[in-house]
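Report on the structure
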Amino acid sequence: MKTKFILSVCFGSLWLALSTFFAVGWAQEVSQTLPGVYVWWVIIGIALLPGFLMSCMFFSNLLHWNEKKYPDTDEDTTIIMCAHNEEQTISQSIQSIINQKYKGHIRLIVVDNASSDYTKQKIAKLQGLHSENCLVEYIYCAEPGKQKALNTALSLICTPYFITVDADTFLEKNAVQNIMNQIVYCNSSCVAGNLFVQNPKSSLISKMQNYDYLLSIASIKRFQGSYQSTLVAQGAFSAYKTYDVRKVGGWQDVLGEDIVLTYQLLQQGFSSTYEPKAVGYTKVPETLNGLYRQRKRWAIGMLEGLSVVPPWKQGRVFSCYFAYVNLSVVYLDLAFIFGFIPGVILSLFGYYYFAGFLTLITIAVCILLFLNMYLYQKKLKIPFGDSIWGFICFLLFFQIIQSIASLHGYLIHLRHGKSEWK
């Protein structure tokens, strides 16, 4: 594991050295017009550092191309599903768990967190449909807050392992088996599942997100998970070791409760991994406003994790490295907004200050990374949606939306603001 990590960093460092060599002349030329400090700040943020990080990830994911296989466990497990006004999606989510092909017994605890719609009635209809190896239980949590609902369910768990599934996420039929195989036989503290988009053709916004989940998020989780340091075991679909979660006190009253929990587990020196064959389909926002709000929340959650457990307090060398990378994302977003976007606008008027050869090479590395991940996901033989226009718009516009929304989230966090339940 250490050897592959070192090789990946060496590959990225070689790319960084070569790109820095070309960047010197570029910076000197642009510095005749713009302040030198600003020029280097932009070049590092839009070309050198992203190129290094992506080339490391690309090479590491190539080295970890082969899938790991584990025996099928029959360990009994508990699934927690928290719901707040989820009448539109919860039936399909529960049904997907009842239909699981799992060798052990599943106890599904559905926590109704003060819903005011017909969520309770939807759950009641499915309680009678449970299978021989899946029991559905209804719990009402009157105190609002997702962490309250999660911790209520945590107190009821009797199994060594449990899984969290969002009420707008439904699982592929072998998802529980695959994620339980890894957490049992790898002795991980938590395992992140592989999320696909449930509604990839609903709108152009959801089509773009399809490729964000399929390529970007999955690439990052594969990279981090290869070194047992996945920074986010997302609440939408992840497995946990019950004792370890209780040891760190469960979920905190924060917006990014799943991010903070993962950081705390890693701080204890526990491992956090990723299982690509454990697939869940999650519903994503279909409007620009919905996407903006989601990515704003994610940015707040990332800073909450870094605030609770700073990179230098991480319990593992690899998780420390990845936490520092996450911290650098703030800088990358700022450089993108105040460097790359103005550079593209200026290039339309013939001023190619920040839209040059090195920028194109960085984009090429990004496309190689995406191609590698796309082929890997195809290899799993689990269906997902495709859209040429969705992919093109993802490449051209998605990062603009995400970086601006993230900047908004950073500012909210600095003001100690909070947002909604989900």
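Overview of the structure. Quick caveat, the model's predicted, so the values are computed rather than measured.

What follows covers helix α5 (residues 146-154). It helps to recall that an α-helix has 3.6 residues per turn; residues three or four apart then point in one direction. For α5, every residue scored as buried is listed here: Lys146, Gln147, Ala149, Leu150, Ala153 and Leu154. Looking down the long axis of α5, one finds its buried residues gathered within 160° of arc, a one-sided arrangement. Summarising the contacts, the buried residues of α5 are in contact with β1 (77-83), β2 (106-113), β3 (134-141), β4 (161-165), α8 (242-247) and α9 (257-267).

As a further point, take the sheet that holds strand β7 (residues 237-241). Spatially, the 8 strands line up as an open sheet ordered β3-β2-β1-β4-β7-β6-β8-β5, and their pairing is mixed. With partners counted over all chains shown, the strands left at the sheet margins are β3 and β5 (169-171), one partner each. In this sheet, adjacent strand axes meet at a mean angle of 30° when their direction is disregarded. In the sheet, β5 pairs with strand β8 (residues 272-282) via 3 bridges, with the strands oriented antiparallel. Residue pairing across strands places Phe170 opposite Tyr281, the latter belonging to β8. Sheet contacts for helix α6 (residues 175-185): β1, β2, β4, β5, β6 (190-197), β7 and β8; angle to β8, the most-contacted strand, approximately 170°.

To continue, consider the environment of Gln267. Mapped onto the elements, Gln267 comes out in helix α9. Taking relative accessible area as the criterion, Gln267 reaches 30% and is therefore assigned partly exposed. Separated by 127 residues in sequence, Gln267 and Phe394 place their C-alpha atoms 34 Å apart. Beyond its immediate stretch of four places on either side in the chain, Gln267 contacts Val309, Lys313, Gln314 and Gly315.

Attention now goes to the state of the cysteines. This model, assessed by the stated rule, comprises 0 disulfides. Between Cys10, a free cysteine, and Cys56, which holds the nearest cysteine sulfur, the sulfur-to-sulfur gap is 8.9 Å.

Criteria and thresholds
Residues numbered from 1 in each chain as written. Predicted model: local features only at pLDDT ≥ 70, side-chain atom pairs only at ≥ 80, totals over all residues. Heavy atoms only, no water. Buried < 20%, exposed > 50% of the residue type's maximum accessible area, 1.4 Å probe, protein only. Helix = DSSP H or I, 4+ residues; strand = E, 2+ residues; numbered from the N terminus. Arc of directions from axis to C-beta. Contact = heavy atoms within 4.5 Å. Pairing = 2+ DSSP bridges. Axes fitted to C-alpha atoms, helices over the stretch in contact; angles between N-to-C directions. Disulfide = S-S within 2.5 Å.

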